[in-house]
Amino acid sequence: MSDLDLDVLRQQLAALQNSIAALERAGLDAAAAPLRQQAATLEQRIQTAGGAVVGHDVNTGGGDFVGHDQITVEAGGTLVMAPPPPGADAATLERAYLHWVIARCNRLPLGLIDPKYVNATGNSRVLLSDVYVPLDVMAARLEVQDAEGHLRHIRPDAEPRAIPALLALCEHRCVVLLGDPGSGKSTLLRHLAAGLAKARLRGVDPREVLEDWNDRIHRLPVRVVLRDLAAWTQEHTGHWNAGAVWDFIRHDLADNGLEDCFDLLRQCIRAGEATLLFDGLDEVPDAAGRRGGVRDAVAAFSDGCGESRVVVTCRTYAYREARWKLADFDEYTLAWFDEKHIQRFVEQWYAAAAPVEGWSVELREARAAALQRAARLPHLAPLAERPLLLTLMATLHTARGTLPDDRADLYADCVRLLLDYWQRSKLGAGECSFLEALGLPMERLERALYQVAYQAHLRQAREVERATRTADIGHTELLETLAPALGDSYDRAQTVVHYVEQRAGLLLARCLLYTSPSPRDRTRSRMPSSA
């Protein structure tokens, strides 16, 4: 089923939900019952892109269950894409690859936070495309449009301003996209990969699928997670060159039953008909020279891929040193969410969550309005500017219908969600977890971080302007508060601070525990803090 057909189904569902809400307000619950059944059927069709729905567990008898679009659910519950048949022609191979990219990149791992958002077959019930909000970057550029209103290019301008991130990426062949933890770097790459795959699969102008994109060429998306590339190369070859990237791409395809697609990808990349998306240079461990090796491999690979586009993501702090820089790559830094971004995200989030939660349109709109009001409160606004933290706020608000009035309580909830999410989803092949490396139980780390928040907010509570100030804590005080809870080890405390600042994105500078920029500062510049 095409995206257009799915849009029609969504419109029909929205109309049904409006009718149900009107009948419920009038007290005509019996009349609303058959409409609820119709709405449930439409929701199921939307979730499966028009396919059939398995409403209960499937007893595979030790075998496999093959479902819509050749997605196989193995007996152990693992989801795999059915590989293309032997001897398949180039068109069949490309379709198989593009379907795999979409399935891989358009999923939203909300099941790590709330199991309700994963259906019985293991698929996400809410997709990235349902809630994604286009990001901006800060640049001293000005948008220029053609006569038809298309964004054509950006020219130099005196004052830094926010411009669409995808438009900025189109201005240069090779770009490093920088951002703070939780700013949306990886999400942007997955959104871009899925959008390019959809456009190529449907044979339409990519600009019709990707808002702000300004490249009409049907480029094949190739996404590489750099921490996985580093771990695999270190284990198998140890050679940090362009060949390492080619070898890993072949391995990644083979690992997903798509090895026959490798020649197709190589041909497109060398012909300049691909977009290479290298995610997470900062997440490559610096031990044994791996990060520098990955940088060299990406640089050599980029030199040999013709006019194919190349995007590398990295956290801002990790790209400051000259030794990590990629020569001849332009740089952009992601901006924070502004009020329009926040409003759009909240509206899209609740439109996607309502069918999962079984809410009426009236309840959905009330919840969205409540979260938008909460996100404007002085003690929550700095959190809502961060895409990851806004997602966590939306998750908590969806589950509870409210957010904690006290910033420390909200912080504690975010600690628990983020640490659990990062521990389970951010490990590369062969890596031990952060807590395993420290020999530290999750409960002990949580208690230590809660103590930090408690001390900071005790002090804040004594201040006159509590409602308009954040709970500030200095770096030395942070170490002194954490150390006793970590066996009086300042080394451990420093490791924890580094992890939650730079890795998990909890103690974001000028966000949760450090001083927040004033409203005037945030109006003047949406550039993430460099503190």
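Everything below is about the structure shown above.
The structure presented is a predicted model; accordingly, all values stated were derived computationally and were not measured. (Residues numbered from 1 in each chain as written. Predicted model: local features only at pLDDT ≥ 70, side-chain atom pairs only at ≥ 80, totals over all residues. Heavy atoms only, no water.)

Description of the pattern of salt bridges
One pass over the full model with this rule turns up 16 salt bridges. Across the pair Arg104 and Asp252 runs a salt bridge whose closest N-O atoms are separated by 3.0 Å. Here the residue Arg104 occupies a position in helix H3 (residues 90–105), and Asp252 occupies one in helix H9 (residues 242–255), the gap between them amounting to 148 residues. Residue class for Arg104 comes out partly exposed when judged on its relative accessible area of 27%. Exposure remark for Asp252: the relative accessible area of 12% places this residue in the buried category. One network of salt bridges, with partners in common, ties together Arg227, Asp282, Glu283 and Arg315. (Salt bridge = Lys/Arg side-chain N within 4 Å of Asp/Glu carboxyl O. Helix = DSSP H or I, 4+ residues; strand = E, 2+ residues; numbered from the N terminus. Buried < 20%, exposed > 50% of the residue type's maximum accessible area, 1.4 Å probe, protein only.)

A short note on H3
An ideal rise of 1.5 Å per residue puts 22 Å on 16 residues; H3 measures up with 22 Å between its terminal C-alpha atoms. All of the buried residues in H3 are Leu93, Glu94, Ala96, Tyr97, Leu98, Trp100, Val101, Ile102 and Cys105. (Expected span 1.5 Å × (residues − 1).)

A word on the packing of aromatic side chains
Evaluation of the coordinates by the stated rule reveals 7 aromatic pairs. Taking 4.7 Å as the distance between ring centres and 55° as the angle between the ring planes, the aromatic pair formed by Trp246 and Phe301 counts as tilted. Here Trp246, found in helix H9, pairs with Phe301, found in helix H11 (residues 290–303); they are 55 residues apart in sequence, far enough to count as distant. Owing to a relative accessible area of 13%, Trp246 belongs among the buried residues under this scheme. Among the residues examined, Phe301 registers a relative accessible area of 1% and is labelled buried. Among the aromatic residues, those joined into a ring-pair cluster are Trp246, Phe262, Phe278 and Phe301. For the cation-ring pair, Arg291 lies above Trp324, with the distance from its terminal atom to the ring centre recorded as 5.1 Å. (Phe/Tyr/Trp six-rings, centres within 6.5 Å; stacked < 30°, edge-to-face > 60°. Lys NZ or Arg CZ within 6 Å of the ring centre and 35° of its normal.)

Focus on the pairing of strand S7 (residues 220–225)
Most of S7 is tucked away: 6 of the 6 residues are buried. Residues Leu220, Val222 and Val224 of S7 are buried on one face, and the alternating residues Pro221, Arg223 and Val225, pointing to the opposite face, are buried as well. Alignment of S7 against strand S8 (residues 274–279), held across 6 bridges, turns out to be parallel. Its bridge partner being in S8, Val222 is matched across the sheet by Leu276. (Pairing = 2+ DSSP bridges.)

Things to note about the pairing of S8
Summarising burial for S8: 6 of the 6 residues are buried, a large majority. What you see with S8 is no split at all: Ala274, Leu276 and Phe278 on one side and Thr275, Leu277 and Asp279 on the other are buried throughout. Summarising the sheet, S8 and strand S9 (residues 309–315) pair through 4 bridges and their orientation is parallel. If you follow Thr275 over to S9, its bridge partner there is Arg309. Tracing the backbone out of S8, into H11 and back to the parallel element S9 gives a crossover that is right-handed. (Right-handed = clockwise from strand over helix to strand, strands pointing away.)

Quick word on the packing of helix H12 (residues 339–357) against helix H13 (residues 361–375)
Across the interface, H12 lies against H13 with an axial gap of 9 Å and an inter-helix angle of 150°. Looking at the two axes, H12 sits roughly antiparallel to H13. The two elements H12 and H13 meet at a crossing, and its hand is right-handed. On H13, the residues that touch Ile342, Gln343, Val346, Glu347, Tyr350, Ala351 and Ala354 of H12 are Arg364, Arg367, Ala368, Leu371, Gln372 and Ala375. Among the residues forming the contact of H12 with H13, the class breakdown is 8 nonpolar, 2 polar and 3 charged. (Axes fitted to C-alpha atoms, helices over the stretch in contact; angles between N-to-C directions. Parallel < 35°, antiparallel > 145°, perpendicular 65-115°, else oblique. Left-handed = near helix turned anticlockwise from the far one by under 90°. Contact = heavy atoms within 4.5 Å. Nonpolar A, V, L, I, M, F, W, Y, C, P; charged D, E, K, R; others polar.)

Thoughts on the packing of H13 against helix H15 (residues 387–400)
Two packed helices can be described by the angle between their axes and the distance between those axes. Remark: H13 packs on H15, axes separated minimally by 11 Å, with the N-to-C direction vectors making an angle of 135°. Here H13 lies oblique to H15, going by the angle between them. The handedness of the crossing between H13 and H15 is right-handed. Side by side, H13 and H15 meet where Arg367, Ala370 and Leu371 of the first sit next to Ala394, His397 and Thr398 of the second. Residues of the contact of H13 with H15, tallied by class, amount to 3 nonpolar, 2 polar and 1 charged.

A few points about the nonpolar core
Of all hydrophobic cores here, the largest spans 107 residues; its most connected members are Tyr97, Leu188, Leu226, Phe278 and Val312. With 9 residues, the single largest contributor to this core is H12. Other than its neighbours up to four places away in sequence, Val312 contacts Val175, Val176, Leu177, Leu226, Phe278, Leu281, Val298, Leu326 and Phe329. Listed in part, the 9 residues of the second largest apolar core include Leu479, Ala483, Ala493 and Val496. (Core = buried A, V, L, I, M, F, W, Y, C linked by side-chain atoms within 4.5 Å.)

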